[in-house]
Amino acid sequence: MTDADLLRSLGVDPSQLDPAPPWAPRQSAGVDTPGHGRRWLDRCMPCLIATTPRGGPRAPLTDTLAVLREAAREAGVHLTIVADES
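Keep in mind that this is a model prediction, so the values were computed, not measured.

## What to know about the side chain of Arg39
Step number 1: Looking at the element boundaries, Arg39 is found in strand β2 (residues 37–40).
Step number 2: Buried and unpaired, Arg39 has Asp18 as its nearest opposite-charge partner, separated by 6.4 Å.
Step number 3: A polar contact is formed between the side chain of Arg39 and the backbone oxygen of Leu17, at a distance of 2.5 Å.
Step number 4: Engagement of the side chain of Arg39 in a polar contact is seen with the backbone oxygen of His36, the distance being 3.1 Å.
Step number 5: With residues near it in sequence (within four places) discarded, Arg39 still touches Pro14, Ser15, Leu17, Asp18, Pro19, Ala20, Ala29, Gly30, Val31 and Thr33.

The structure is reproduced here in structure tokens:
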């Protein structure tokens, strides 16, 4: 996943990130954002998991299940879905 993909999936506007100095190594959290220059971005996976909101699916459950069924059909996979819709 690219930095831009990560920011987009988290819904983060690069302008909201703190500026990073030009000498910050990319691996340590400095990223180039188009139009915003160098910014700090923590790519530590445990930190990301701990701080990312993980609410339920944004789409209705029926829509999510329909997409899953279609993907299984296209892949030729037999799928049984058990869901608690309460």
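## Regarding helix α1 (residues 3–10)
Step number 1: Within the span of α1, buried status applies to Asp3, Leu6 and Leu7. All buried residues of α1 project into a common sector of 95 degrees when viewed along the axis, lining one side.
Step number 2: Directly after α1, the chain includes Gly11, whose backbone phi takes a positive value near 70 degrees.

Calculation notes
- Residues numbered from 1 in each chain as written.
- Predicted model: local features only at pLDDT ≥ 70, side-chain atom pairs only at ≥ 80, totals over all residues.
- Heavy atoms only, no water.
- Helix = DSSP H or I, 4+ residues; strand = E, 2+ residues; numbered from the N terminus.
- Buried < 20%, exposed > 50% of the residue type's maximum accessible area, 1.4 Å probe, protein only.
- Lys, Arg positive; Asp, Glu negative; His and termini not counted.
- Salt bridge = Lys/Arg side-chain N within 4 Å of Asp/Glu carboxyl O.
- Polar contact = N/O pair within 3.5 Å; in protein donor to acceptor, adjacent residues only side chain to side chain.
- Contact = heavy atoms within 4.5 Å.
- Arc of directions from axis to C-beta.

All we've got here are geometric facts, nothing functional implied.
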